[in-house]
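A structural walkthrough
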Amino acid sequence: MSMSLAIFGIVASITAIFSALSQRGRRWLVRDFTHYKTILVAWIAGNLVFVAAACWHLLFQGQSDIGAVVAIMMAISLLIFCLSMLTLQRRPQNNTRPRRFLAVGAHPDDVELACGATIAKLVDAGHDVRIVVMSQGESGGHAPRRIQEARRGAGYLGAQSHTVRSFCDTRLSENSNLMVAAIEEEIAAFGPDVVLTHSATDIHQDHEAVHRAVMRAGRRLPSILCFESPSVGNDFSPSFFVDVENYTDVKVEAIKLHADQRNKPYMTRARIESMATFRGNQVKQQRAEGFEVMRLVSTTVGDF
């Protein structure tokens, strides 16, 4: 192994380690790999061994070939590891009967907070998901930033499309008929099998207004499920659960993209994981997201 090649390898390995540990690298690993922690540890360990072997080769060049041999073997191992990662990567399944899911939230971060793990799981199961947000969240933050964060969050989860409407934040109930018309347009254009939205038990006035608008707009739809926002009341009683053990970290990363709201207490990993664990315990799973059933036809849900 030449000196220039060894130095190049050291720089490349150090870069690879920092890339994997960066926020963007971690976010990619979480979304694309179920066992991302194992992959991360193996990747860092392999590159560290390569760096140590390459440094040994540079320090004792001409005296021992051990460093060169180990470095070459580790480089080959890392290449094989990269190729094997492709078999561990989460890919949307080739679903022969994909369903269409429309998620309707009041504010830019509502869908991710309430059912982000379910959305990601639906996408990976080969279903089509569209997200519609009824306001820009201008009363609780910087609207242009929140719109951009909402689009990034939806894209990270894998939603096929994302729309942000411009109804007045905190005053959605004053535009009830217009919201119904807007949701009807989305339903007509997308033709969803299932609609996910806020619960009637939600104590946030905008969430309750969206629930009512969806129920009116979706009056002819067979299946409507209500997700669990942080502001649901004590009367929220889910009877439909989705196992999200492998998707809770994906949900956490999607919520992190809403940096404008990062200081809100319900945005923390601890809060998100505790709720998923609580709902999971109700149905004897590790983690779950719960939904109230307004009405549900089994054939509209599909497999996921």
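Quick summary incoming for the structure in this document.

The rules behind these values
- Residues numbered from 1 in each chain as written.
- Predicted model: local features only at pLDDT ≥ 70, side-chain atom pairs only at ≥ 80, totals over all residues.
- Heavy atoms only, no water.
- Helix = DSSP H or I, 4+ residues; strand = E, 2+ residues; numbered from the N terminus.
- Contact = heavy atoms within 4.5 Å.
- Areas by Shrake-Rupley, 256 points an atom, 1.4 Å probe, with all protein chains shown as cover.
- Lys, Arg positive; Asp, Glu negative; His and termini not counted.
- Charge placed at Lys NZ, Arg CZ, Asp CG, Glu CD.
- Pairing = 2+ DSSP bridges.
- Axes fitted to C-alpha atoms, helices over the stretch in contact; angles between N-to-C directions.
- Salt bridge = Lys/Arg side-chain N within 4 Å of Asp/Glu carboxyl O.
- Buried < 20%, exposed > 50% of the residue type's maximum accessible area, 1.4 Å probe, protein only.
- Right-handed = clockwise from strand over helix to strand, strands pointing away.
- 1 Å grid on protein atoms, 1.4 Å probe; cavity = no way out; pocket = protein on both sides within 12 Å on 5 of 7 lines; lining within 4 Å.
- Points joined across faces, edges and corners; volume = space filled by probe spheres on them.
- Nonpolar A, V, L, I, M, F, W, Y, C, P; charged D, E, K, R; others polar.
- Core = buried A, V, L, I, M, F, W, Y, C linked by side-chain atoms within 4.5 Å.
- Polar contact = N/O pair within 3.5 Å; in protein donor to acceptor, adjacent residues only side chain to side chain.
- Expected span 1.5 Å × (residues − 1).

This part takes up the overall build of the protein. When helices and strands are tallied, the protein shows 11 helices and 7 strands. Dimensions along the principal axes, computed over C-alpha positions, put the protein at roughly 80 × 40 × 35 Å. Residue pairs at least 24 apart in sequence account for 82% of intrachain contacts in the protein once pairs closer than 6 positions are excluded. Accessible surface for the protein amounts to roughly 14800 Å². Of this, 57% is attributable to carbon and sulfur atoms. The averaged location of the 29 negative side-chain charges in the protein is 2 Å from the averaged location of its 32 positive side-chain charges.

Another point: the sheet that holds strand 7 (residues 288-295). The strand order 3-2-1-4-5-7-6 describes an open sheet built from 7 strands, whose pairing is mixed. What marks the edges here is a single partner per strand, and that holds for strand 3 (161-167) and strand 6 (240-243). Going from strand to strand, the sheet's axes swing by 25 degrees on average, the running direction of each strand aside. Pairing of strand 2 (residues 128-135) with strand 3, which is carried by 5 bridges, proceeds in the parallel orientation. Looking at the pairing, V133 lines up with V164 of strand 3. The sheet contacts of helix 10 (residues 269-282) involve strand 6 and strand 7, and relative to strand 7 the element is tilted by about 65 degrees.

Tallied over the entire structure, the rule returns 18 salt bridges. Salt bridges sharing common partners tie together R26, R27, D249, E253, K256, R269, E273 and R287.

The next subject is the pairing of strand 4 (residues 194-197). Covered by surrounding structure in strand 4 are V194 and L196 together with V195 and T197, the residues of both alternating faces. The pairing of strand 1 (residues 100-105) with strand 4 spans 3 bridges and is classified as parallel. Considered in strand 4, the bridge of L102 is made with V195. For strand 4 and strand 5 (residues 224-226), the ladder comprises 3 bridges, and the chain directions are parallel. Across the sheet, residue V195 finds its bridge partner in strand 5, namely I224. After leaving strand 4, the chain enters helix 8 (residues 205-217) and then returns to the sheet as strand 5, a path that is right-handed.

Once that is clear, we can look at the pairing of strand 1. Summarising burial for strand 1: 5 of the 6 residues are buried, a large majority. Sheet analysis places strand 1 next to strand 2, joined by 6 bridges and oriented parallel. Bridging across to strand 2, V104 finds its partner in V132. The β-α-β motif built from strand 1, the intervening helix 5 (residues 110-124) and the parallel element strand 2 has right-handed crossover chirality.

Our next topic: the layout of surface pockets. Counted as a void, the largest pocket has a volume near 310 Å³. Around the largest pocket, the lining is made up of 20 residues, and of these L113, E228, P230, R271 and M275 lie nearest the centre. For the lining of the largest pocket, the element with the highest residue contribution is helix 10, accounting for 6 residues. Taken together, the residues that form the lining of the largest pocket break down as 11 nonpolar, 4 polar and 5 charged.

As for its placement among the helices and strands, H258 is situated in the loop between helix 9 (248-256) and helix 10. Owing to a relative accessible area of 3%, H258 belongs among the buried residues under this scheme. When near neighbours in sequence (up to four residues on either side) are disregarded, H258 contacts P108, D109, E112, E149, A150 and M267.

In this section: the nonpolar core. Judged by nonpolar contacts, the single largest core of 53 residues is most densely connected at I119, V129, I131, L196 and F291. The biggest single contributor to this core is helix 3 (residues 36-59), with 9 residues. In this structure L196 touches L102, A103, V104, C115, I119, L225, F227 and F291, once residues within four positions along its chain are discounted. Counting residues in hydrophobic clusters, the runner-up holds 21 residues, among them V132, F167, A182 and F190.

Turning next to the environment of T300. Note that T300 resides in helix 11 (residues 298-301). With 77 residues separating them in the primary sequence, T300 and S223 have C-alpha atoms 7.1 Å apart. Side chain to side chain, T300 and S223 meet in a polar contact 2.6 Å long. In terms of polar contacts, T300 uses its side chain to reach the backbone carbonyl oxygen of V297, at 2.6 Å.

As a further point, take helix 6 (residues 143-157). Taking 1.5 Å per residue, 15 residues should reach 21 Å; helix 6 reaches 21 Å between its end C-alpha atoms and fits that length. Those residues of helix 6 not exposed but buried are A143, R146, I147, E149, A150, G153, A154, Y156 and L157. G158 occupies a position one or two residues after helix 6 and carries a positive phi of about 105 degrees.

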